[in-house]
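Read off the chains here:
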Amino acid sequence: MIISIASGKGGTGKTLVATSLALALNDRDRAQLVDCDVEEPNAHIFMKPVFTHREAVSIPVPKVAEDKCTYCGKCAEVCAYNAIAVIGRRVLVFPELCHGCGACSYLCPEKAISEHKKEIGVIEAGHSDGIAFAHGKLAVGEAMAPPIIREVKSRVNNSGTVIIDVSPGTSCPVVESVKDSDFCLLVTEPTPFGLNDLALAVEMVRKLNIPCGVVLNRAGVGDSQVEEYCRKEKIPVLLTIPLDTEIARLYSRGITLVDGMPQWRKSFIKLFDQIEEIVHERSRGTER
Ligand code: SF4
Ligand code: SF4
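Here the structure is a predicted model, which is why all the values come from computation and not from measurement.

Calculation notes
Starting afresh in each chain, residues are numbered from 1 along the sequence in its written order. For this description, chains carry letters from A and ligands carry numbers from 1, given in the order in which they are written. This being a predicted model, a pLDDT of at least 70 is required before a residue's local features are given, and a value of 80 or more before pairs of side-chain atoms are given or counted; all residues contribute to the totals for chains, interfaces and linings. Computation of side-chain values: all heavy atoms of the structure, hydrogens and water removed. Put simply, a nonpolar core is a bunch of buried Ala, Val, Leu, Ile, Met, Phe, Trp, Tyr and Cys residues held in one set by side-chain atoms that sit within 4.5 Å of each other. Only protein chains enter the accessibility calculation, which uses a 1.4 Å probe; a residue whose area is less than 20% of its type maximum is buried, one above 50% is exposed, and one in between is partly exposed. Note on conventions: DSSP H or I runs of at least 4 residues are helices, E runs of at least 2 residues are strands, and numbering of each starts at the N terminus. Contact criterion: two residues are considered in contact whenever any of their non-hydrogen atoms come within 4.5 Å of each other. Here the rule is simple: two strands pair whenever DSSP picks up at least two bridges between them. For every element, the axis is a line fit to its C-alpha atoms; helices are fit only across the contacting stretch, and the angle between N-to-C directions ranges from 0 to 180 degrees. The near set for a molecule or strand comprises every residue that places at least one heavy atom within 4 Å of it. All residues other than Ala, Val, Leu, Ile, Met, Phe, Trp, Tyr, Cys, Pro, Asp, Glu, Lys and Arg, Gly among them, are scored as polar; the first ten of these are nonpolar and the last four charged. Look down the strands so they point away from you; if going from the first strand over the helix to the second traces a clockwise path, that crossover is right-handed.

**Topic: the nonpolar core**
Membership of the largest hydrophobic core comes to 51 residues, with the highest contact counts inside it found for I148, V178, L186 and L198. Sort the elements by how many residues they give to this core and helix α7 (residues 192-207) lands first, with 6 residues. If we skip the residues at most four places from it in the chain, L186 touches A6, L198, A201, V202, V205, C212, G213, V214 and V215. I3, L25, L185 and L239 belong to the second largest nonpolar core, which has 36 residues in total.

As structure tokens, this is what we get:
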């Protein structure tokens, strides 16, 4: 089963939930933690994995042989990302906009476009106390997170339970990370900002047709609007974590919640059991 941990808003406690869920589960199941927040991966700070594998990730970027080019403009026409332009008798490539889709080289009538590899980041994989761990790191100045996310996700071994730590927001990297999940856990906080971004995240997972539930973090800091929204939208609040300076202190020292406060282990196992029940219930419904 693949469970992605997302949030519309940054800083709500996604990594706190992802790491503690993986650790709590590992006692009874084979868990894998995959950090797809490739612009700012931080699950490794808490898991302290031993990395055994490191690999560069590249995308193919076009290179134009001007002696073959007729400046027909077909490449610029097919590029959905404005990464190639034909101006008079010049073809300009903007590598930082290129998604490496290969459409321009495939469709160039003169076969004037070859591809060269551009490194955009790395993936690292290893383990932490029996938990398989993988994450991706986008190189500084690069903007193409989805190819790295796809590479990290290709390391997923879903014979056990896979926990995916997703970047905040609802943009392309988030969709790339969340898609194919069996369940999406949305971590939020009871504030107007938390509610606004939760509603956007709910809209996204509904479009992807993935069931979701909420973890309410820092309960007590704001108001009850998030709970009211969840009731209205029939989204289960599966775990509530109070605003607690001890939890914040542990987090700032890179200590997971279940390691620093072992009494939370039971709550995370219960959280997983509820998710499993929802996923099974849903698959029974689609079988009927
Ligand atoms: S499609 Fe090929 S021939 Fe046409 S402008 Fe682009 S590179 Fe040149
Ligand atoms: S590879 Fe794709 S994204 Fe890059 S320039 Fe060509 S068409 Fe555009």
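**Describing the sheet that holds strand β2 (residues 31-35)**
Read from one edge to the other, the open sheet built from 9 strands follows the order β3-β6-β7-β2-β8-β1-β9-β10-β11, with strand pairing classed as mixed. Of all the strands in the sheet, just β3 (50-64) and β11 (237-242) have a single pairing partner and so form its edges. Sheet twist, expressed as the mean angle between neighbouring strand axes with direction ignored, is 20°. Pairing analysis gives 5 bridges linking strand β10 (residues 212-219) to β11, with the strands arranged parallel. Within β11, the position partnered with V215 by the bridge is L239. Lying on the sheet, helix α1 (residues 14-25) is in contact with β1 (2-6), β2, β7 (131-138), β8 (161-165), β9 (183-188), β10 and β11; it crosses β8 at an angle near 165°.

**What to know about the site of ligand 1**
What surrounds ligand 1 is a group of 13 residues, the closest being C69, C72, G73, C75 and C108. Grouping the constituent residues of the shell around ligand 1 by class yields 9 nonpolar, 2 polar and 2 charged.

**Structural notes on the pairing of β10**
Within β10, 6 of the 8 residues are buried, leaving the element largely enclosed by the surrounding structure. Two elements, β9 and β10, share 5 bridges in a ladder whose sense is parallel. Residue pairing across strands places L186 opposite V214, the latter belonging to β10. Handedness of the β9-α7-β10 crossover: right-handed. Handedness of the crossover joining β10 and β11 through helix α8 (residues 225-233) is recorded here as right-handed.

Don't take any of this as a statement about function, it's just geometry.
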